[in-house]
Amino acid sequence: MKKILIYVLLLQVITSIKVTAQDTARLGMQDLFAEIDKSYPLLQLYESKIASVRSLVEGAKAWMPPTVAFAFDRFPYRLSLIKEMTPDNQAGLMFSVQQMIPNSAKLNAKKDYFASLENVQYNDVEWQKNILHFTARLYYYRRYTAEQKLKVIKEYRDLLNMLIKTAKDKYAFNQADLPTIFKAEASLSELGNMETMLFSQIAESNIGLNTLMSRDVNTPFFIDSLLTPKDYSSEYLIALDSSQLLRNDILAVESRIRSMKFNQRWTATGSKPDFGVQFSHGQMFGMPNQFSIMGMMTIPIVPWSSKMYKSEVKSMGFEIQAMQKEKSTMQLMATQMIREKITMLVYETRQLDNYDKNVLPSYQKNLESNMLTYRQNTGNFFVLLDAWNMLLMKQLERIDKLGQVFTLQSEYEYQREIK
């Protein structure tokens, strides 16, 4: 019976471990972007706006409803005359139906204007995705650099523990000084504070990323453990033409300009006449029944009417000019930011390469030579501890530099809208 209970407990533990492993997914950068695009509420808001615009397009060519009228026509004040069948008795009940027929040019212009609004919403949602992806990159890289620092700290803690143990053993033979051992133990405690700070950064990044994915902020997940900066050095040498910069925030302004031109064209159709037809039937009391058919046409070119649409067309022309200036300014500022970010990225990458090729190998050799002399009892533990500390600091500085490179890379990809 005890064996059966033990077997059941082991089975439950193994099952819970498997479930936990399945729940804790590994998210790459593209997986993260896909989840944000699918579930972030603000992006779904734009989908509703696009659906709203499409509904407007469907009804753009609708006519005004017909008008039905009923009237008591030409009734005498002496109601007794209604019963007399004489030509003077022109009283009757009038029924009429009127339908205005809009100009087809107006309907087509109206539909073109509404249809152009969809491109504006599309450009807006694509740019909003770019903003969210940029925010996700910053959180992702911050967590990555924090995890890299934790690995380095663990490695150097193990090394320091070994050095402290060796120093204590040598202290028994008067081959190590006690103050330096205390200093090494203090450095060991400081590593704990550094770990706490790094765990805080990881937790903050997790909250930000889970929020962007519209998940519970405490949902665990893994990220890629091997990330390297992308090589954009070739783009540093390419001259960027601002007129060819196709960012969605700039395209959104261009789409608004196009929509404004369609709106201006629609407003200008106010100079075109509308038509109408009216049918009336008279149910007469003293005369034979009568009917009438009347055609109508508006005359919008008269001076007291034309001022309205002419002033609107003129106003929209000025707004289009202002939006074109806004677009040119955005292109100019975007070109400046792209050039700044790629320049900074190139120089920061060079510093990172210098850490890998020169700085860290030199400090590594310094530590190894001090460890060798210390093992041979010709070195000093204080000097060895200083070499350990310097290499640790340079390793952490190198990760900080990597984080700066990732940040600049994210900013450059944001400015270029690289997905």
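Residues numbered from 1 in each chain as written. Predicted model: local features only at pLDDT ≥ 70, side-chain atom pairs only at ≥ 80, totals over all residues. Heavy atoms only, no water.

Draft legend 1. The arrangement of the packing of helix 7 (residues 248–268) against helix 8 (residues 303–375) in detail. One way to put it is that helix 7 packs onto helix 8 with a least axis distance of 9 Å and a crossing angle of 170 degrees. Relative to helix 8, helix 7 is oriented roughly antiparallel. In terms of residue class, the contact of helix 7 with helix 8 is built from twelve nonpolar, six polar and eight charged. (Axes fitted to C-alpha atoms, helices over the stretch in contact; angles between N-to-C directions. Helix = DSSP H or I, 4+ residues; strand = E, 2+ residues; numbered from the N terminus. Parallel < 35°, antiparallel > 145°, perpendicular 65-115°, else oblique. Nonpolar A, V, L, I, M, F, W, Y, C, P; charged D, E, K, R; others polar.)

Draft legend 2. Here's a closer look at unusual backbone geometry. At R74, a position not held by glycine, the phi torsion is positive, near 55 degrees. Mapped onto the elements, R74 comes out in the loop between strand 2 (67–73) and strand 3 (92–101).

Draft legend 3. Spatial organisation of the confidence of the model for the protein chain. Per-chain confidence: the protein chain averages 87 in pLDDT, with 91% of residues scoring 70 or above. The model gives residues 1–22 a pLDDT under 50, and that stretch makes zero contacts with residues more than four places away or in other chains. (pLDDT = per-residue confidence, 0-100. Contact = heavy atoms within 4.5 Å.)

Draft legend 4. Layout of the side chain of E348. The topology assignment puts E348 in helix 8. On the basis of relative accessibility, which here comes to 16%, the residue E348 falls in the buried class. Excluding anything up to four places from it in sequence, E348 contacts K401, Q404, V405 and L408. (Buried < 20%, exposed > 50% of the residue type's maximum accessible area, 1.4 Å probe, protein only.)

Draft legend 5. Broad picture of helix 8. Look at helix 8: 104 Å from first C-alpha to last across 73 residues, which is about the 108 Å you get at 1.5 Å a residue. At Y355, helix 8 shows its strongest bend, of approximately 45 degrees. Among the residues trailing helix 8, N377 stands out with phi positive, at a value near 60 degrees. (Expected span 1.5 Å × (residues − 1). Bend = angle between axes of the 7 residues up to and from the residue.)

Draft legend 6. Inspection of the environment of L163 at higher detail. Structurally, L163 can be placed in helix 4 (residues 104–171). Between the alpha carbons of L163 and M371 there is a distance of 9.0 Å; along the sequence they are 208 residues apart. If sequence neighbours within four positions are ignored, L163 has contacts with M371, F381, L384 and W388.

Draft legend 7. Region of interest: the pattern of salt bridges. Scanning the model with the defined rule gives 23 salt bridges in all. Measuring nitrogen to oxygen at the nearest pair gives 3.3 Å for the salt bridge that ties E235 to R416. Of the two residues, E235 is situated in helix 6 (residues 233–236) and R416 in helix 9 (residues 381–416); the sequence distance between them amounts to 181 residues. For E235, a relative accessible area of 23% translates into the label partly exposed. A single salt-bridge network, built from bridges that share partners, covers E126, K129 and K419. (Salt bridge = Lys/Arg side-chain N within 4 Å of Asp/Glu carboxyl O.)

Draft legend 8. Looking closely at the nonpolar core. Counting 32 residues, the largest nonpolar core has L32, I36, A136, Y140, L209 and M213 as its most contacted members. For this core, the secondary structure elements donating two or more residues are helix 2 (29–39), helix 3 (41–58), helix 4, helix 5 (178–212), strand 4 (221–223), helix 8 and helix 9. Take this core: its biggest share by element is six residues, from helix 4. Other than its neighbours up to four places away in sequence, Y140 contacts L27, G28, M29, L32, L209, I223, D224 and L227. Ranked by size, the runner-up nonpolar core spans 28 residues in total, among them L150, V152, I164 and A184. (Core = buried A, V, L, I, M, F, W, Y, C linked by side-chain atoms within 4.5 Å.)

Draft legend 9. Representation of the packing of helix 2 against helix 3 within the structure. The geometry of helix 2 relative to helix 3 is characterised by a closest axis approach of 6 Å and an angle of 50 degrees between their N-to-C directions. When the interaxial angle is binned, helix 2 and helix 3 end up oblique. Two secondary-structure elements touch here, helix 2 through I36, D37, K38 and S39 and helix 3 through P41, L43 and Q44. Of the residues belonging to the contact of helix 2 with helix 3, the class tally is three nonpolar, two polar and two charged.

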